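# Topology and contacts: notes
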Amino acid sequence: MHSFTEQLLNGLTLGSIYALVALGYTLVYGILLMINFAHSEIFMLGAFAGCGTLVALSALPWPLSVGAAFLMGMLACALVAVAMEKVAYAPLRRAPRLAPLISAIGVSIVLQNSVFLWRNDFLAFPTVFPPTQINIGPVTLSLIQIVILGSSLVLMGGLWLFITFTRLGQAMRACSQDREAAELVGIPVNRIISLTFFIGAMLGGAAGILYSLYYGSIKYNMGFLPGMKAFTAAVLGGIGNVPGAMAGGLLLGVSEAMGAAFLPEAEWKDVLAFAILILVLILRPRGLFGERTSEKI
Amino acid sequence: MLEVNNLSVSYGKITALHGVSLRVGRGEIVTLIGANGAGKSTFLKAISGLLAPSEGEIYFEGKRINGLPGHAITKRGLVQIPEGRRIFPLLTVEENLMMGAFFRRDRGGITEDKRLVYESFPLLHERRKQLGGTLSGGEQQMLALGRALMSRPKLLALDEPSMGLAPIVAQQVLRIIQKINREGVTILLVEQNARAALGIAQRGYVMETGSVVMHDQAKNLLANDKVKQSYLGIQETLLT
């Protein structure tokens, strides 16, 4: 049951969700040098928006309703994130670095409590996927795992293509390397910052939906733990570093799955995640892939 | 082309510029000289929109530009190469150049300008796939110039372009700046190497502790005793 390969796959499934969320932390940090603590609430909002869409469209066949849920969830998150940046972070651009950090915690509290006022208990996330098990050689995968792994791969690949080859993606990298120089060469830095929040939140929102599809229920504070873990993953990979966030997420997911299977108590897996965070901060504060210090996006 | 009236800039309670007025005519090379900390870089940052002036006006081609964000000023043709060149170290040479054309939409013109830049700086073409950060100081200055040219500047403001370069390379950079000027780009040159700057400029302004204390034809400034003593002194002693 807890065979090594299966745990590895479970870990990669969870890890790819962490990686998607970690990318949002890392993209924003790359440009603003700020940890967007409200990002875990974006994850939660994605789950709620996705849930709402699925319930509303439950009459449709699942590929359609799930597709619509992703579209709605990602778009809603992106818009909320862009608005939150304009309202809570942009006015603090020239303030000391602690100010936007505290503002982010404020946004997090506001978003979480807005949902709390509406629903303070667990909500069942619609079960859309048939519980099909698929055997690939000796390995058994559920359909939902394949969906999670596949869509994370597509999203991460898309992000990589975007920042590597498109004009806007290159401008994002330019801004993360030198914001002032970017403004001087004619890049509208504030718009690039909005774009960064937009993209990071799209990934975070998609992650929220994938996570809820996997675990089957949602709640106003559901973002906290995965958010902290994704943040750990971003630090693990070297915060500000895009491939680092992807690798850090997968690594954290796998170590957590292994921890749950092989540690004396499954609950120790959370301890493991944060022990990793502390160890990285002590031993290698730049993260595993952070040696090229100025590579931030 | 550029007219700055009574410009003041403060950092918190410290005033870095006190009522600076300066004019650059179309086609000129104008230099701004002065000691370290005299306010030259602050002045350039203010006209490029990176710092908000507390007082005064900046007109570029007859239109007021203070208050505009930096990227909008670049788009209008006032392009600055900042101190230290500030190329993007982890973008390739070609990506760096393309960032200079970020706001442009004329694909044909961009391709043509890129070809011209590579023609003027064959070395950049050779290294186009290399990361900007791997270039030497002189090569980075060429890249910064190329990147600025990709923005089709009408006025190019340069902050200490020869800083940190070997004398021969610095000479070469100044010659390139003259060539760019001959091709129709107005130049505002900030330099610590006053002799070299006044050598290629038509007019010069001298700044001291945030104010313009002198402005004149470059050749008059080169002959001026006070300028000689304060800014050309080192070279003078070296010559005797």
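Residues numbered from 1 in each chain as written. Chains lettered and ligands numbered in written order. Predicted model: local features only at pLDDT ≥ 70, side-chain atom pairs only at ≥ 80, totals over all residues. Heavy atoms only, no water.

This part covers a positive patch on the surface. Among the surface-exposed residues, A:R167, A:R191, B:K75, B:R105 and B:R107 lie close enough to one another that they form a single positively charged patch. With respect to the element layout, B:K75 can be found in helix α2 (residues 70-75). Relative accessible area serves as the criterion here: at 53%, B:K75 is assigned to the exposed category. (Patch = residues over 30% accessible without salt bridge, like charges linked within 9 Å, V, L, I, M, F, W, Y side chains within 5 Å. Areas by Shrake-Rupley, 256 points an atom, 1.4 Å probe, with all protein chains shown as cover. Salt bridge = Lys/Arg side-chain N within 4 Å of Asp/Glu carboxyl O. Lys, Arg positive; Asp, Glu negative; His and termini not counted. Charge placed at Lys NZ, Arg CZ, Asp CG, Glu CD. Helix = DSSP H or I, 4+ residues; strand = E, 2+ residues; numbered from the N terminus. Buried < 20%, exposed > 50% of the residue type's maximum accessible area, 1.4 Å probe, protein only.)

Moving on: the sheet that holds strand β9 (residues 203-208) of chain B. All names here are of chain B. Pairing is mixed across the open sheet formed by 6 strands, whose spatial order is β6-β7-β8-β3-β9-β10. Of all strands in the sheet, those with a lone pairing partner are β6 (78-81) and β10 (211-217), marking the two edges. Ignoring which end each strand starts from, the neighbouring axes of this sheet average 15° apart. In this sheet, β10 lies alongside β9 in antiparallel orientation, the contact comprising 6 bridges. Bridged to V206 within β10 is M214. Together, β3 (29-34), β6, β7 (155-159), β8 (186-191) and β9 form the strand contacts of helix α1 (residues 40-47), whose direction differs from that of β8 by roughly 145°. Against the sheet, helix α6 (residues 137-149) touches β6 and β7, its axis set at about 170° to β6. (Pairing = 2+ DSSP bridges. Axes fitted to C-alpha atoms, helices over the stretch in contact; angles between N-to-C directions. Contact = heavy atoms within 4.5 Å.)

Looking at the element boundaries, B:T74 is found in helix α2. Judged by relative accessible area, B:T74 falls into the buried class, the value being 1%. Here the alpha-carbon distance between B:T74 and B:T111, two residues 37 residues apart in the chain, equals 19 Å. Once residues within four sequence positions are removed from consideration, B:T74 is found in contact with A:E183, A:L184, A:V185, A:G186, B:V79, B:F103 and B:S151.

Residues and elements named next belong to chain A. Where helix α2 (residues 39-56) meets helix α3 (residues 62-89), the axes come as close as 8 Å, and the angle between the chain directions of the two elements is 140°. Every pair of crossing elements has a handedness; the one defined by α2 and α3 is right-handed. Contacts between α2 and α3 involve I42, L45, G46, A49, G50, T53 and L54 from the first element and S65, V66, A68, A69, M72, G73, A76, C77, V80, A81 and M84 from the second. In terms of residue class, the contact of α2 with α3 is built from 13 nonpolar, 5 polar and no charged. (Left-handed = near helix turned anticlockwise from the far one by under 90°. Nonpolar A, V, L, I, M, F, W, Y, C, P; charged D, E, K, R; others polar.)

Now for the confidence of the model for chain B. All names here are of chain B. Summary statistics for chain B give a mean pLDDT of 93 and a share of 97% for residues scoring 70 or more. Taken as a whole, residues 235-240 scores under 50 in pLDDT and shows 4 contacts with residues more than four places along the chain or in a different chain. As a predicted assembly, this complex carries a pTM of 0.92 together with an ipTM value of 0.91. (pLDDT = per-residue confidence, 0-100.)

Let us now look at the sheet that holds strand β1 (residues 2-11) of chain B. Residues and elements named next belong to chain B. Taken together, 4 strands build an open sheet; the order of strands is β2-β1-β4-β5 and the sheet is antiparallel. Since the sheet does not close on itself, it has two edges, and those belong to β2 (14-24) and β5 (63-64), each with one partner. Strand direction decides the pairing type here: β1 and β2, joined by 7 bridges, are antiparallel. Note on β2: the bridge partner recorded for L7 is V20.

Judged by nonpolar contacts, the single largest core of 94 residues is most densely connected at A:Y89, A:L159, A:I187 and B:M99. Excluding residues that lie within four positions of it along the chain, A:I187 makes contacts with A:A171, A:A174, A:C175, A:A182, A:I192, B:H71, B:M99 and B:F102. Core analysis: the next-biggest nonpolar cluster, separate from the first, contains 45 residues, B:V79, B:A101, B:M142 and B:I177 among them. (Core = buried A, V, L, I, M, F, W, Y, C linked by side-chain atoms within 4.5 Å.)

On to the side chain of B:T42, then. Residue and element names in this part refer to chain B. Of note, T42 is situated in helix α1. Looking at T42, its side chain comes within polar contact range of the side chain of Y11, at 3.3 Å. Setting aside residues no more than four positions away along its own chain, T42 makes contact with V9, Y11, A16, L17 and L51. (Polar contact = N/O pair within 3.5 Å; in protein donor to acceptor, adjacent residues only side chain to side chain.)

Looking now at the state of the cysteines. Two cysteines joined by a covalent bond between their sulfur atoms form a disulfide. Residues and elements named next belong to chain A. One pass over the full model with this rule turns up 0 disulfides over all chains. Free cysteine: C77, not disulfide-bonded; nearest cysteine sulfur from C51 at 13 Å. You can call C77 buried: its relative accessible area is 0%. (Disulfide = S-S within 2.5 Å.)

When the charged atoms of two side chains with opposite charge come close together, those side chains can pair. All told, the structure shown has 24 salt bridges over all chains when counted by the stated rule. Salt-bridge contacts for B:K226 lead to B:E208; the nearest nitrogen and oxygen are separated by 3.2 Å. Here B:K226, found in helix α10 (residues 225-231), pairs with B:E208, found in strand β9; they are 18 residues apart in sequence, far enough to count as distant. What makes B:K226 partly exposed here is its relative accessible area of 39%. Owing to a relative accessible area of 28%, B:E208 belongs among the partly exposed residues under this scheme. If you follow the salt bridges from partner to partner, you end up with A:D178, A:E180, B:K45 and B:R86 in one network.

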